[in-house]
Amino acid sequence: MKVLIVGSGGREHAIAMSVAKSSKVDKIYCAPGNAGIGQIAECVPIGAMEFDKLATFAKETAIDLTIIGMDDPLVGGVVDAFEAEGLRVFGPNKAAAILEGSKAFSKDLMKKYNIPTAAYENFDNPEAALAYLETAKMPIVLKADGLALGKGVLICNTLEEAKAGVQEIMMDKKFGSAGNQMVVEEFMTGREVSVLSYVDGKTIKIMSSAQDHKRAKDGDQGLNTGGMGTFSPSPFYTKEVDDFCQKYIFQPTVDAMAAEGRPFKGIIFFGLMITEDGPKVLEYNARFGDPEAQVVLPRMKNDIIEVMEACIDGTLDQIDLQFEDNAAVCVVLASDGYPVSYQKGFEIKGLENFEDKDGYYCFHAGSKLNDEGKIVTNGGRVLGITAKGADLKEARANAYKATEWIDFENKYMRHDIGKAIDEA
Ligand code: AMP
Ligand code: GLY
């Protein structure tokens, strides 16, 4: 089989690594890819939003399966563009990807189908939002409706902050048209857990749980980022929590989408808050998490192509999804200054240390091959260093050991990924 992966981050590198393990696959392409993905796939210089070019490439190259890694093309309808050409593609179509593409849609869906989530109101005009805030309890959460690179959520402690947030999102349009609508939501406290799942339109199979660290600095300080590190599984995702989520969240979400005439095929990523009143949905995503994929996929025992084909064909009920009985930790190596401003173009040294090391992975996010043939930094999040271990403690020690094998100027990382867990 020939497989095309669309995207260019650590998530797509982790997907490519899983695809490369499949006995069914002869050749992998990635558009646009990055320097690390280029070591196991042929990178083609087509952007993830260039749907026509992607579909033409898939046709001319006789690609058997295209896997969409990123949210923007999914929400924009890349799957519809491929299907219109009779091409086989893994991911939700535009009608289903709205689950991630519009927070107002997903909140209304949860309300209609009694799926536990924070209480909320949707607004499409700032005056009404401001009037509502006057009587609302603080802290409160403001969310731009559309995609905003993971930055469209503001947690406001005071009425003044909340008013300034409405100004930013709806009036100054800091997140562009993503702020045409806004969700105002009750603030929840508890443990956050990410649960990724495969879905075939009617059946859902849950992957091993994970947890992200979104803040830039140790101790969950600093600005929100795309994610500075992850671990899997989460000890807070207990059997009891799983039973509840299976019954009240996972299958009900799949059934709700089908009932709305938007059957979902692909990955649903449930962002959950385990509150005192039980698990509630923080958000849905319509793709693998990044860096969640970097700890979940290395632990998956199944052939990923078989699972993805079952999602497309509606035969997921016949798949026995299995994960290794161990743990994994991913520490992101970033460019100092991320997520605000940072320099690029520094040579990444030590990549060869990962060759032939079982249980250690160096996933590339922001890297590129320069004109001199050197791999250099090319983004805020540069690499995801993942290691497995018998348990989280061992995986964590292994991952931090492996971060020392890599060196580049302005290398920055958090030192407490998974640490709260050791102490829990
Ligand atoms: P989201 O993009 O919706 O996952 O939001 C980003 C982050 O904001 C989440 O990972 C949470 O840490 C936080 N967050 C979102 N919604 C809420 C809420 N209702 N209560 C508390 N924290 C929230
Ligand atoms: N790590 C969070 C996300 O992928 O949305």
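The following refers to the structure shown. Here the residue index of a chain counts from 1 through its sequence in written order. Each chain takes a letter, starting from A, and each ligand takes a number, starting from 1, following the order in which they are written. Thresholds applied to this predicted model are a pLDDT of at least 70 for local features of residues and 80 or more for the giving and counting of side-chain atom pairs; totals over whole chains, interfaces and linings are not thresholded and use all residues. Excluded from the side-chain calculation are hydrogens and water; included are all heavy atoms of the structure.

Glancing now at the site of ligand 1. Being near a molecule or strand, for a residue, comes down to having at least one heavy atom within 4 Å of it. Neighbouring ligand 1 are 14 residues, the closest being Glu-185, Glu-186, Met-188, Glu-192 and Glu-283. In this structure, a nitrogen atom belonging to ligand 1 sits 3.1 Å away from a side-chain N or O atom of Lys-143. When residues of the shell around ligand 1 are traced back to their parent elements, those giving at least two are strand 7 (140-144), strand 8 (153-156), strand 9 (182-186) and strand 17 (278-285). Side-chain atoms alone can form a polar contact between residues adjacent in sequence; in general such a contact is a pair of N or O atoms within 3.5 Å, and within protein one must be able to donate a hydrogen while the other accepts it. Helix and strand definitions here come from DSSP, where helices need a minimum of 4 consecutive H or I residues and strands a minimum of 2 consecutive E residues; each element is numbered from the N-terminal end.

Bringing helix 8 (residues 159-171) into the picture now. Each turn of an α-helix holds 3.6 residues, which means side chains three or four residues apart point in the same direction. Expected span of a helix, by definition, is 1.5 Å for each gap between consecutive residues, and there is one gap fewer than residues. The terminal C-alpha atoms of helix 8 lie 17 Å apart, and with 13 residues this matches the ideal 18 Å at 1.5 Å per residue to within 8%. Of the positions making up helix 8, those classed as buried are Leu-159, Ala-162, Gly-165, Val-166, Ile-169 and Met-170. Buried residues of helix 8, viewed axially, fall in a sector of 110°; they line one side. Residues are treated as being in contact if the distance between any of their heavy atoms lies within 4.5 Å. Those residues of helix 8 that are buried are in contact with strand 6 (120-123), helix 7 (126-134), strand 7, strand 8 and strand 9. One or two steps after helix 8, the chain reaches Lys-173, where phi turns positive at roughly 55°. Note on classification: 1.4 Å probe, protein chains only; a residue is buried when its accessible area is under 20% of the maximum for its type, exposed when over 50%, partly exposed between these limits. The directions considered for the arc run from the helix axis to the C-beta atoms.

A few words now on the site of ligand 2. With respect to spatial proximity, the complete set of residues near ligand 2 consists of Asp-212, Gly-226, Phe-269, Asn-285, Arg-287, Gly-289, Asp-290, Pro-291 and Glu-292. One of the side-chain nitrogen or oxygen atoms of Glu-292 is found 2.8 Å away from a nitrogen atom of ligand 2. Notes on ligand 2: free accessible area 200 Å², of which the protein chains cover 89%. Each accessible area is a Shrake-Rupley estimate made with a 1.4 Å probe; only the visible protein chains count as cover when residues are assessed.

As a further point, take the pairing of strand 15 (residues 229-232). Along any regular strand, the residues point their side chains to alternate faces of the sheet. Here strand 15 shows no split at all, with Gly-229 and Phe-231 on one side and Thr-230 and Ser-232 on the other all buried. Think of it this way: DSSP has to see at least two bridges between two strands before they count as a pair. As defined by bridge partners, strand 12 (residues 211-212) adjoins strand 15 across two bridges and the pair is classed as antiparallel. Pairing of Asp-212 across the sheet is with Thr-230, part of strand 15. Note: strand 15 against strand 18 (residues 327-335), four bridges, orientation antiparallel. Bridge pairing in strand 18 places Phe-231 opposite Val-329.

Taken in spatial order, the four strands make up an open sheet running 6-9-7-8, and their pairing is antiparallel. Every interior strand has two partners, whereas the edge strands, strand 6 and strand 8, have only one. Direction aside, the axes of adjacent strands within the sheet are offset by 20° on average. Where strand 7 meets strand 9, five bridges bridge the pair, whose relative direction is antiparallel. Within strand 9, the residue paired with Val-141 across the bridge is Glu-185. Every angle, taken between N-to-C directions, lies between 0 and 180 degrees, and every axis is a line fitted to C-alpha atoms, over only the stretch in contact when it is a helix. Here helix 7 sits on the sheet and contacts strand 6, strand 7 and strand 9; the angle it forms with strand 6, its principal contact strand, is near 155°. With respect to the sheet, helix 8 is in contact with strand 6, strand 7, strand 8 and strand 9, its orientation differing from that of strand 7 by roughly 5°.

A few words now on the nonpolar core. With 43 residues, the main nonpolar core has Val-19, Tyr-198 and Phe-288 as its most contacted residues. Of the residues forming this core, the biggest block, seven residues, is contributed by helix 11 (residues 304-313). As used in this record, nonpolar core signifies buried Ala, Val, Leu, Ile, Met, Phe, Trp, Tyr and Cys residues forming a set joined through side-chain atoms within 4.5 Å.

Here we come to the pattern of salt bridges. Only one rule defines a salt bridge in this text: a Lys or Arg side-chain nitrogen within 4 Å of an Asp or Glu carboxyl oxygen. Enumeration according to the criterion identifies 20 salt bridges in this entry. Glu-309 serves as the salt-bridge partner of Arg-88, at 3.3 Å between the closest nitrogen and oxygen. Here Arg-88, found in the loop between helix 4 (78-84) and strand 5 (89-90), pairs with Glu-309, found in helix 11; they are 221 residues apart in sequence, far enough to count as distant. Measuring nitrogen to oxygen at the nearest pair gives 3.1 Å for the salt bridge that ties Glu-100 to Arg-287. Of this pair, Glu-100 sits in helix 5 (residues 94-101) while Arg-287 is found in the loop between strand 17 and helix 10 (293-296), placing the two residues 187 residues apart along the sequence. Of the two residues, Glu-100 and Arg-287, neither departs from the other in class, the shared state being buried. When salt bridges that share partners are traced, they join Asp-71, Glu-100 and Arg-287 into one network.

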